[in-house]
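The lines below spell out each chain.
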Amino acid sequence: MSKTKKILRGSLVVILSLLLFFSSYSVNFFAKANEMKETTNDSSEEKNMVIIADDEISTEETINTVVEENNDPEFEDIQDKVDNNELNVSVVSPENNQDLEKSNSIAADAAVVEGNKSYKDFLKAELEDGKRVFLYGDVQAEEYKEILDLNKLTVKENDGQLEFGLSEEELNEKAIENGKEFVDESADASNDSEPSDDEANEKGSLDAADSEFTSHVIGYTIDKSQELQFVDVSINNFDENGNSIPNTNEMVLQEVINTQSEIIDTENEINQEQNTTDSFTFITDNKVKAESVRVKNKYSLVEKGYRLGLLVARMDTDWHLYKQNSEKSKKYDYFTLKPVTQVTSYKGIWARSIYTDIDIPAASDQLDDWGPMGDRGTSSISLSLGYPFSVGISMNFGENLKIDDRSSLAYDYARWQLNDGATDLNRNISGKTFNPAAGWASTGTYARAGLTVVGKFDNYITLTTKSDVSYDYSKATY
């Protein structure tokens, strides 16, 4: 979803409006789809999710526990959708595929698919047919791409291209092709959850927090009309002492279904907004270009923390990438990365802090501006980055919070930590949203930044998200 200016005919009043941006098979189960099906975001249509499992009976029992017997109030929404026929979840084996024909989404265990070529070919065909394919287990975006034999894992926006699942080697190769140089980022990497400035001793070190957890649910569709085209969910399970313990199969499948439920919620919200916009027939397009174009709107990164099998912590991160298009420098293009993170805690667990790190690793790129700049205690912030970025920042915490600015022009990183302002009282920042921004000058036609977000909670629960923000703007038009 991107923002476009709208103007009222014959009036000087400017109205901002949101504009939406963002199978049938033969008897042969693994037949390849020949053409893309027409898709719809009609919120009244029942969404059918099919989970492919070798052990159909056992998986069905697990699913029934999730959609019928789970007493955790955080997952009541799943059960409501099932009861109201908004969401249908079924389990099939490769020998019983009748439900696949009418499915919108398909999920499978990454470990099972990885060792089965027939699974790989079939799921790739379903993906090419416009369906959403989830792989669950211990799986990263790079592995998702490899398992399904995809050349690229991309989201196309504004005629530009964002690519996920690239290895460090592939990222550096792309950067070098565009005239950029990188240092060895692994040489200076730190394993601490919150790296100190002293550890950053050279340009380009992505030394922010390394998570001890992997992703556990990756969902993707090539259909650009669908919301949350790419989703990444990590599940972190702790015992009563805060020690990491293995996830249960029920927990992982629960998050697969919950992710589909949240996608439905997002689609419904977008449809409501679109219906409201459509009712104003007097709104027309404004052809004047904005100073900064948002070339990426949403990338859904979700980290969840369980304690003794109950959901107690959640951290949601989206990021928004802007390209400044009015500055005509012959050497640089200017970009702004604006991550948005919200921490939520449940069942007596308190959220303590949010740490955000934006690193600019290319030796030829330069961090130019960031905000908030400087340490401060505040309940609200309203500011904008300086010329040429034209991107504003606005936050309202509802109470006084402390922002510790740890950024460095010398090493080209912007870092902040958000804590409660009254640290002696150890109050809860659950529900608070932190959305800083960093602007940098980029050479060539390939922009890149490293993003790390760390959320800390009671009982030694730490949730970590890492993302490489990469954007090939060689063919982008605005």
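Bear in mind the structure is a predicted one, so any value in this text is a computation, not a measurement.

**Remarks on the nonpolar core**
Stage number 1. Among the nonpolar cores identified, the biggest contains 74 residues, and Leu 123, Tyr 144, Leu 148 and Trp 319 are the most heavily contacted of them.
Stage number 2. With 30 residues, the next largest nonpolar core counts Ile 51, Phe 75, Leu 228 and Leu 253 among its residues.

**Focus: the packing of helix 1 (residues 56-69) against helix 2 (residues 76-83)**
Stage number 1. Two numbers describe how helix 1 lies on helix 2: the axes approach to 8 Å, and their chain directions differ by 95 degrees. What the angle tells us is that helix 1 and helix 2 run roughly perpendicular. The residues of helix 2 that touch helix 1, namely those facing Val 66, Val 67, Glu 68 and Glu 69, are Ile 78, Gln 79 and Val 82.

**Observations regarding the packing of aromatic side chains**
Stage number 1. Using the criterion set out here, one finds 8 aromatic pairs in the structure.
Stage number 2. Ring centres of Trp 416 and Phe 434 lie 6.3 Å apart, and the angle between their planes is 80 degrees; this geometry places the pair in the edge-to-face category. Placement of the pair is Trp 416 in strand 20 (residues 413-420) and Phe 434 in strand 21 (residues 433-434), with a sequence separation of 18 residues.
Stage number 3. For Trp 416, a relative accessible area of 0% translates into the label buried.

**So, the environment of Asp 420**
Stage number 1. Along the chain, Asp 420 falls in strand 20.
Stage number 2. On a C-alpha basis, the gap between Asp 420 and Ala 351 in space is 9.5 Å, while along the polypeptide they are 69 residues apart.
Stage number 3. Not counting residues up to four positions away in its chain, the partners in contact with Asp 420 are Arg 352, Glu 399, Asn 400, Leu 401, Lys 402, Arg 427, Asn 428 and Ile 429.

**Description of the pairing of strand 13 (residues 300-307)**
When a strand is regular, its side chains alternate between the sheet's two faces.
Stage number 1. With respect to burial, strand 13 is a largely interior element, 7 of its 8 residues being buried.
Stage number 2. Where strand 10 (residues 230-238) lies against strand 13, 8 bridges are found, and the strand directions are parallel. Counted as the bridge partner of Phe 238 is Arg 307 from strand 13.
Stage number 3. Two strands pair when backbone bridges link them, and strand 13 and strand 14 (residues 310-324) are joined in this way by 7 bridges, in the antiparallel orientation.

**Thoughts on the confidence of the model for the protein chain**
Stage number 1. Put simply, the protein chain has an average pLDDT of 76, and 72% of its residues get 70 or more.
Stage number 2. Counting interchain partners and residues more than four positions distant, the pLDDT-below-50 stretch residues 1-44 has 99 contacts.
Stage number 3. In this model, residues 183-212 is a region of pLDDT below 50 whose contacts with residues beyond four sequence positions or in other chains number 80 contacts.

**A short note on unusual backbone geometry**
For residues that are not glycine, phi is negative in most cases, and the peptide bond is trans in most cases.
Stage number 1. Cis geometry marks the peptide bond from Gly 371 to Pro 372, where omega comes out at 5 degrees.
Stage number 2. Among the structural elements, Pro 372 can be located in the loop between strand 17 (366-371) and strand 18 (376-384).
Stage number 3. In this chain, Tyr 387 is followed by Pro 388 through a cis amide linkage whose omega measures 10 degrees.
Stage number 4. Residue position: Pro 388 is located in the loop between strand 18 and strand 19 (392-405).
Stage number 5. You will see that Ser 390, though not glycine, has its phi angle at about 55 degrees, which is positive.

**Section: helix 2**
Because each turn of an α-helix spans 3.6 residues, side chains separated by three or four positions in sequence point in the same direction.
Stage number 1. Among all positions of helix 2, only Ile 78, Gln 79 and Lys 81 are buried. Seen end-on, helix 2 carries its buried residues on one side only, within an arc spanning 160 degrees.
Stage number 2. Immediately downstream of helix 2, the backbone of Asn 85 shows phi near 60 degrees, a positive value.

**Regarding helix 1**
Stage number 1. If you check helix 1, its first and last C-alpha atoms are 19 Å apart, about what 14 residues at 1.5 Å a residue would give, namely 20 Å.
Stage number 2. Listed in full, the buried residues belonging to helix 1 are Glu 56, Thr 59, Thr 62, Ile 63, Val 66 and Val 67. In a view along the axis of helix 1, the buried residues occupy a sector of 130 degrees, so they form one face of it. Looking at helix 1, the residues exposed on the side facing more than 90 degrees away from the buried face are Ile 57, Glu 61, Glu 68 and Glu 69.

**A closer look at the side chain of Asp 458**
Stage number 1. With respect to the element layout, Asp 458 can be found in the loop between strand 23 (446-457) and strand 24 (462-472).
Stage number 2. Taking the relative accessible area as the measure of exposure, Asp 458 reaches 15% and is therefore buried.
Stage number 3. Within the structure, Asp 458 has its side chain in polar contact with the side chain of Arg 352 (distance 2.6 Å).
Stage number 4. For Asp 458, the contacting residues outside a window of four places in its chain are Gly 348, Ile 349, Trp 350 and Arg 352.

Each value, and the rule that gives it
- Residues numbered from 1 in each chain as written.
- Predicted model: local features only at pLDDT ≥ 70, side-chain atom pairs only at ≥ 80, totals over all residues.
- Heavy atoms only, no water.
- Core = buried A, V, L, I, M, F, W, Y, C linked by side-chain atoms within 4.5 Å.
- Buried < 20%, exposed > 50% of the residue type's maximum accessible area, 1.4 Å probe, protein only.
- Axes fitted to C-alpha atoms, helices over the stretch in contact; angles between N-to-C directions.
- Helix = DSSP H or I, 4+ residues; strand = E, 2+ residues; numbered from the N terminus.
- Parallel < 35°, antiparallel > 145°, perpendicular 65-115°, else oblique.
- Contact = heavy atoms within 4.5 Å.
- Phe/Tyr/Trp six-rings, centres within 6.5 Å; stacked < 30°, edge-to-face > 60°.
- Pairing = 2+ DSSP bridges.
- pLDDT = per-residue confidence, 0-100.
- Arc of directions from axis to C-beta.
- Expected span 1.5 Å × (residues − 1).
- Polar contact = N/O pair within 3.5 Å; in protein donor to acceptor, adjacent residues only side chain to side chain.

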